[in-house]
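# Chain and residue survey
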Amino acid sequence: ILVAATHTHSAPATLHIFQSRPDPAYLNWLAVRVADCVRLAARRLEPARLGHASGREERLVFNRRYSMKPGVELRDPFGNPDRVKTNPGPMNPDVVKAAGPVDPEVGVLAIESGAGRPLAVVANYSLHYVGGVGAGHISADYFAYWAEAVARLGGVSGSLGEPPFVAILLNGAQGDINNVNVFAPREPQPPYAQIRRVAETLAAETLRVWRTVRFEDAVELGGGAEDLDLALRFPSAAEADAASKTLAALPPGELKEMPHIYARETVILAKEYPRRVRAPMQALRIGGLGIAAFPGEPFVELGLAVKKSSPFARTFTVGMANAHHGYIPTLRAFEEGGYETWRAKTSYLEKDAAPKMTAALERRLRALAG
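For the structure given in this document, a descriptive report is provided here. Sequence order as written defines the numbering, with residues in each chain counted from 1. It should be noted that, the model being predicted, local features are given only for residues of pLDDT at least 70 and side-chain atom pairs only at 80 or more, the latter also being counted only at that level, while totals for whole chains, interfaces and linings use all residues. Computation of side-chain values covers all heavy atoms of the structure but excludes hydrogens and water.

### Remarks on the packing of aromatic side chains
Put simply, two rings from Phe, Tyr or Trp (the six-membered ring, in Trp's case) pair if the centres are within 6.5 Å, and we call them stacked under 30 degrees between planes, edge-to-face over 60, tilted for the rest. Tallied over the entire structure, the rule returns eleven aromatic pairs. Pairing Tyr327 with Tyr339 gives two aromatic rings, centres 5.5 Å apart and planes at 80 degrees, and the pair type is edge-to-face. Of this pair, Tyr327 sits in strand 15 (residues 327–328) while Tyr339 sits in the loop between helix 7 (331–336) and helix 8 (353–369), placing them twelve residues apart in sequence. For every residue, the accessible area (1.4 Å probe, protein chains only) is compared with the maximum for its type, and the residue is labelled buried under 20%, exposed over 50%, or partly exposed between those bounds. Residue class for Tyr339 comes out partly exposed when judged on its relative accessible area of 21%. A network of ring pairs unites the aromatic residues Phe18, Phe78, Tyr262, Tyr327, Tyr339 and Trp342 as a single cluster. Whether a charge lies above a ring is judged from NZ of Lys or CZ of Arg, which has to be within 6 Å of the ring centre and within 35 degrees of the ring normal. Above the plane of the ring of Phe78 lies Arg343, whose end atom (NZ or CZ) is 4.9 Å from the centre. By definition, any uninterrupted DSSP run of H or I lasting at least four residues is a helix, any uninterrupted run of E lasting at least two residues is a strand, and each is numbered from the N terminus.

Dropping the structure here:
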């Protein structure tokens, strides 16, 4: 069983991230809705055939970390120098180049009944949320729009229709990937316009790939997991004491300044977090398809590395799966700095977490391949 989240910044919180705390009533409601989905799926079981294929959509993904011109001063909230800037903004004249790659692969797993009726499409793409919803709206971002578009373009009814068809988009290794091209102007758009454009573009490539799938009547299934015991990057006693004094001198209310926000993060980590955490690493096999799951938001280079070393003909990478331990940067990213590496509830694992995770997933995939 693999439980993974998609990514949106326009929904109720499910984790205590920065100053957003989850509502326990919402979490209880959410757990019931997830269980309902499992029960519905179990009741709909029927003999099926499946297959998988891949395509590419390069126009939607951009690395969001950039090297800047010499002389541009970059500092983290703790006052330390950075060498890269996350999200520098469109048409920023100080941008030199992206600090990392992208992964434009569109993986597609298609399932149909014995009679050839489409049952489901599961796609995999490495892109953060898109954003741009209406003020105060709750939205699943481009993932839900993509699901509707795939059903519509494929000529089948959606999950609420009869017979039901389910489209699922697995969020890949996207910790440093977004939908913002900093080398082009970003014109104002009405709510949801960019989300729809991204969803429709990705759905069109999904449909094209879906039509190339060769279905099989029987495939080998398998799964494996292991837990990693990882340390946290804890603030020193002096850092925690200084952060406490900073907060004590501030008036009550929401924090606005970055040093103050990260002072709060420092105090919470020091007081509330354990010294070590369990990181579940999981891999699945569906015939010639491997699926590798990260318990957080891995950088795209990690997903590319797992795909390259995988013994399977095709491999999906899934982020925010089975746990959420924040961003999972590369070792090089820690040398460069940037938002994803700043110590907080969103980024607290030891620096060696990334190589340990990729090694674990490579082991699991090799074991499944036999």
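Continuing now.
### Observations concerning the packing of helix 6 (residues 300–309) against helix 8
Interhelical geometry of helix 6 versus helix 8 gives an angle of 30 degrees and a closest axis separation of 10 Å. If you check the angle between helix 6 and helix 8, you find them roughly parallel. As helix 6 packs across helix 8, the resulting crossing turns out to be right-handed. Where helix 6 approaches helix 8, its residues Leu302, Ala305, Val306 and Ser309 are matched on the opposing element by Ala354, Thr358, Leu361, Glu362 and Leu365. Under the grouping applied here, Gly and all other residues not named as nonpolar or charged are polar, the nonpolar ones being Ala, Val, Leu, Ile, Met, Phe, Trp, Tyr, Cys and Pro and the charged ones Asp, Glu, Lys and Arg. In terms of residue class, the contact of helix 6 with helix 8 is built from six nonpolar, two polar and one charged. A fitted line through C-alpha atoms serves as each axis, taken over the contacting stretch for helices, and the angle formed by two N-to-C directions is quoted from 0 to 180°. By the definition adopted for this analysis, an angle is roughly parallel if under 35 degrees, roughly antiparallel if over 145, roughly perpendicular if from 65 to 115, and oblique otherwise. Crossings are assigned a handedness: left-handed for a near helix turned anticlockwise from the far helix by less than a right angle, right-handed for a clockwise turn. We call two residues contacting when some pair of their heavy atoms lies within 4.5 Å.

### Re the sheet that holds strand 4 (residues 84–86)
DSSP calls a pair of strands paired once it identifies at least 2 bridges connecting them. Taken in spatial order, the three strands of this open sheet run 4-3-5, and their pairing is antiparallel. Of all strands in the sheet, those with a lone pairing partner are strand 4 and strand 5 (95–98), marking the two edges. Taking the axes of each pair of neighbouring strands and ignoring which way they run, one obtains an average angle of 40 degrees across the sheet. Looking at chain direction, strand 3 (residues 65–68) and strand 5 are connected through three bridges and run antiparallel. Bridge pairing in strand 5 places Ser67 opposite Lys97.

### Digging into the packing of helix 2 (residues 142–153) against helix 3 (residues 193–210)
Taken N-terminus to C-terminus, the directions of helix 2 and helix 3 make an angle of 45 degrees; their axes are 8 Å apart at the nearest point. Of the possible angle classes, the one that applies to helix 2 and helix 3 is oblique. Helix 3 is crossed by helix 2, and the crossing has right-handed handedness. Residues Tyr142, Tyr145, Trp146, Ala149, Val150, Arg152 and Leu153 of helix 2 lie in contact with helix 3, whose contacting residues are Ile195, Arg196, Val198, Ala199, Glu200, Leu202, Ala203, Ala204, Thr206, Leu207 and Trp210. Residue composition of the contact of helix 2 with helix 3, grouped by class: 14 nonpolar, one polar and three charged.

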